[in-house]
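Spelled out, the chains give:
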Amino acid sequence: DLASHRSNGLIIVGASPWTIDLAGRLNELEVPNIVIDASWHRLRPARLAGIESHFGQVVSESADETLDFASMGYVLAATDNDAYNALVCTRFSNEFNRNAVFQMPMPAADEHEKTGYTVTLRGLRAFSEDALYEVLLQRHFEGWRFQKTGLTAEFTFKDYREKIDDELFATLIVRQSGALVIDLARYKPDAGDSIINFLPSVDRG
């Protein structure tokens, strides 16, 4: 919440089909975001989709000089490299509220080993513990997409969870105020909020 008072934008580190899809949904809800990657090839779909992007290493000194994060309040380290994700979170932990810096879940074995990084040097876990990078990528190619749904007084969060069989796999909330919520355990969605959830494209009815 402290971060949302400053700004509600999301820095997404790591261009992939599913992060670009997520950025597009955020754009539809007018949530500022930028996708950053050191691969020109991986960023190409984002540029073609009109999504703001930056080519380069976000942990470099040049990034500090060329990027303006004034409209950004949250970070999602979403590359396929757990150690690099932790490094990104360490880089932003001083600039952003620690509750606003997230990284992808780590495989169970790596979670126990912590790949040499202490908990204080890593970001908060984004999404469910099963929402690993490789799983999101596989499901994207199987047709899963980030879908947005608005809540009302008549269609509550409880109704939504019943409709999707409680599948909160990779989920964010955009509050009525425009603030972004990535840690669902800290907030109960209400009427006027919008849910962005990663689901199969076929309507479950």
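In this report, the structure presented in the accompanying data block is examined.

Procedures and definitions
- Residues numbered from 1 in each chain as written.
- Predicted model: local features only at pLDDT ≥ 70, side-chain atom pairs only at ≥ 80, totals over all residues.
- Heavy atoms only, no water.
- Helix = DSSP H or I, 4+ residues; strand = E, 2+ residues; numbered from the N terminus.
- Buried < 20%, exposed > 50% of the residue type's maximum accessible area, 1.4 Å probe, protein only.
- Contact = heavy atoms within 4.5 Å.
- Areas by Shrake-Rupley, 256 points an atom, 1.4 Å probe, with all protein chains shown as cover.
- Axes fitted to C-alpha atoms, helices over the stretch in contact; angles between N-to-C directions.
- Parallel < 35°, antiparallel > 145°, perpendicular 65-115°, else oblique.
- Salt bridge = Lys/Arg side-chain N within 4 Å of Asp/Glu carboxyl O.
- Phe/Tyr/Trp six-rings, centres within 6.5 Å; stacked < 30°, edge-to-face > 60°.

**Describing the overall build of the protein chain**
Inference 1: If you tally the helices and strands in the protein chain, you get 8 helices and 10 strands.
Inference 2: Burial statistics for the protein chain: of 205 residues in total, 47% are counted as buried.
Inference 3: Pairs at least 24 apart in sequence give 64% of the contacts found in the protein chain among residues at least 6 apart.
Inference 4: Just so you have it, the protein chain exposes about 10300 Å², and 49% of that area is on carbon and sulfur atoms.

**What about the environment of Leu124?**
Inference 1: Counting through the fold element by element, Leu124 comes out in strand β6 (residues 124-125).
Inference 2: Each C-alpha atom, one on Leu124 and one on Ala86, is 9.8 Å from the other, the two residues being 38 residues apart in sequence.
Inference 3: In contact with Leu124, other than residues within four places in its own chain, are Arg98, Asn99, Val101, Phe102 and Gln103.

**Remarks on the packing of helix α2 (residues 17-28) against helix α7 (residues 133-141)**
Inference 1: Following both chains from N to C, one finds α2 and α7 inclined at 75°, their axes separated by 8 Å at the closest point. Taken together, the axes of α2 and α7 lie roughly perpendicular to each other. Residues Pro17, Trp18 and Asp21 of α2 lie in contact with α7, whose contacting residues are Tyr133, Leu136, Leu137, His140 and Phe141.

**A closer look at the environment of Arg25**
Inference 1: Counting through the fold element by element, Arg25 comes out in helix α2.
Inference 2: By relative accessible area, Arg25 is classed as partly exposed at 21%.
Inference 3: In this structure the C-alpha to C-alpha distance between Arg25 and Gln147, which are 122 residues apart in sequence, comes to 7.4 Å.
Inference 4: Other than its neighbours up to four places away in sequence, Arg25 contacts Phe146, Gln147, Lys148 and Ile196.

**Notes on the pattern of salt bridges**
Inference 1: What the rule picks out here adds up to 7 salt bridges.
Inference 2: As a salt-bridge pair, Glu28 and Lys148 come within 3.6 Å of each other at their nearest N and O atoms. One end of the pair, Glu28, is in helix α2; the other, Lys148, is in strand β7 (residues 144-150), with 120 residues separating them in the sequence.
Inference 3: Its relative accessible area of 45% is what places Glu28 among the partly exposed residues.
Inference 4: Between Glu129 and Arg125 there is a salt bridge, with its nearest N and O atoms 4.0 Å apart.
Inference 5: Salt bridges sharing common partners tie together Asp21, Arg25, Glu28 and Lys148.

**Examining the packing of aromatic side chains**
For any pair of aromatic rings, the description rests on two quantities: the centre-to-centre distance and the angle between the ring planes.
Inference 1: Under the counting rule described, the total for this entry stands at 12 aromatic pairs.
Inference 2: Look at Trp18 and Phe127: their rings are 6.5 Å apart centre to centre, the planes differ by 70°, and that puts the pair in the edge-to-face class. Placement of Trp18 in helix α2 and of Phe127 in the loop between β6 and α7 is noted, with a sequence separation of 109 residues between them. Each of the two residues, Trp18 as well as Phe127, counts as buried.
Inference 3: Aromatic pair Trp144 and Phe198: ring centres 5.7 Å apart, planes at 45°, arrangement tilted. Taken as a pair, Trp144 in strand β7 and Phe198 in strand β10 (residues 194-200) lie far apart in primary sequence, 54 residues in all. There is no split in this pair, since Trp144 and Phe198 are both buried.

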